[in-house]
Amino acid sequence: MLFVYTDFYKQSLLFSREPVDRLKFTYMQAASSTAATTFTTAMSFFANLASVLRPLREFGFFMGVCVTLAWLIVFLAYPSTLVIGERLHTCCRRCILAETSTSHSATRKSVAQQAKRKSMVMLADALDPSKKGVGAAQAGGCLGDVMPK
């Protein structure tokens, strides 16, 4: 479920940059598809209520309720967490890039300091919510432009 909400939230960036509009898009698209899968999964567990075995009935009821509550929690809490995470990422990225731009003033740096700066920029790129995973950050190599040739 989390991947579905995350992917639709990333896709919403194509339609609007406003958080309210992005949440509306995410809820409209992701909620219906996850609700359908959650309903079928919960019903398959609730079908165990027809069993003559008491432990199987209890298991079916417990798992059906757990699946339903998991969907409800994700539906209510996760999209807002995406917005908060994106805002935190933007703030952290701004701070990291500001730190690395002020550290360019020194004329000579050790390889370790340059590698640290590069890793901080790569971390900011890897956490970018508009990208899929860390593949874009790894494309250039870890120490590609830092290590002397």
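Residues numbered from 1 in each chain as written. Predicted model: local features only at pLDDT ≥ 70, side-chain atom pairs only at ≥ 80, totals over all residues. Heavy atoms only, no water.

1. Here we look at the overall build of the chain
Helix and strand counts for the chain stand at five helices and zero strands. The linear arrangement of helices and strands in the chain, starting from the amino end, is α-α-α-α-α. Out of the 149 residues in the chain, the part that is buried amounts to 23%. Residue pairs in contact within the chain that sit at least 24 positions apart in sequence constitute 58% of those at least 6 positions apart. Counting every atom, the chain has about 10100 Å² of accessible surface; 68% of that belongs to carbon and sulfur. (Helix = DSSP H or I, 4+ residues; strand = E, 2+ residues; numbered from the N terminus. Buried < 20%, exposed > 50% of the residue type's maximum accessible area, 1.4 Å probe, protein only. Contact = heavy atoms within 4.5 Å. Areas by Shrake-Rupley, 256 points an atom, 1.4 Å probe, with all protein chains shown as cover.)

2. Some thoughts on the packing of aromatic side chains
Counting across every chain of the model gives six aromatic pairs. Arranged with centres 5.9 Å apart and planes meeting at 80°, the rings of Phe45 and Phe59 form a pair that is edge-to-face. Placement of the pair is Phe45 in helix α2 (residues 19-46) and Phe59 in helix α3 (residues 54-102), with a sequence separation of 14 residues. Note on Phe59: relative accessible area 42%, which makes it partly exposed. When the centroid spacing of 5.0 Å and the interplanar angle of 15° are considered together, the rings of Trp71 and Phe75 count as stacked. One end of the pair is Trp71 and the other is Phe75, both in helix α3 and four residues apart, which spans about a single turn. For Trp71, a relative accessible area of 18% gives the class buried. Residue Phe75 is classed as partly exposed on the basis of its relative accessible area of 23%. Taking the ring centre of Tyr9 as reference, the NZ or CZ of Arg22 above it sits at 4.0 Å. (Phe/Tyr/Trp six-rings, centres within 6.5 Å; stacked < 30°, edge-to-face > 60°. Lys NZ or Arg CZ within 6 Å of the ring centre and 35° of its normal.)

3. As for helix α1 (residues 2-11)
Taken residue by residue, α1 has Tyr5, Thr6, Phe8 and Tyr9 as its buried positions. Taken down its axis, α1 places every buried residue within 170° of arc, on the same side. (Arc of directions from axis to C-beta.)

4. Considerations on the confidence of the model for the chain
Here the chain averages 78 in pLDDT, and 68% of its residues register 70 or above. When the elements of the chain are averaged for pLDDT, helix α5 (residues 135-138) gives the smallest value, 46, and α2 the largest, 92. Segment residues 134-138 is flagged for pLDDT under 50; beyond a separation of four residues in sequence, or across chains, it makes five contacts in the model. Low pLDDT, under 50, characterises residues 140-149; the predicted model gives this stretch twelve contacts beyond four residues in sequence or across chains. (pLDDT = per-residue confidence, 0-100.)

5. What to know about the pattern of salt bridges
Evaluated as defined, the whole model comprises two salt bridges. When the shortest N-O distance is used, the salt bridge between Glu58 and Arg54 registers 2.8 Å. Within this pair, Glu58 and its partner Arg54 are both found in helix α3, separated by four residues, close to a single helical turn. Residue classification places Glu58 among the partly exposed positions, given a relative accessible area of 44%. (Salt bridge = Lys/Arg side-chain N within 4 Å of Asp/Glu carboxyl O.)

6. Overview of the packing of α1 against α2
Put simply, α1 and α2 touch, their axes get as near as 9 Å, and they point 145° apart. In terms of crossing hand, the pair formed by α1 and α2 is right-handed. Between α1 and α2, the contacting residues are Val4, Tyr5, Phe8, Tyr9, Lys10 and Gln11 on the first element and Arg22, Leu23, Phe25, Thr26, Gln29, Ala30, Ala31, Ser33 and Thr34 on the second. Considered class by class, the residues forming the contact of α1 with α2 number eight nonpolar, five polar and two charged. (Axes fitted to C-alpha atoms, helices over the stretch in contact; angles between N-to-C directions. Left-handed = near helix turned anticlockwise from the far one by under 90°. Nonpolar A, V, L, I, M, F, W, Y, C, P; charged D, E, K, R; others polar.)

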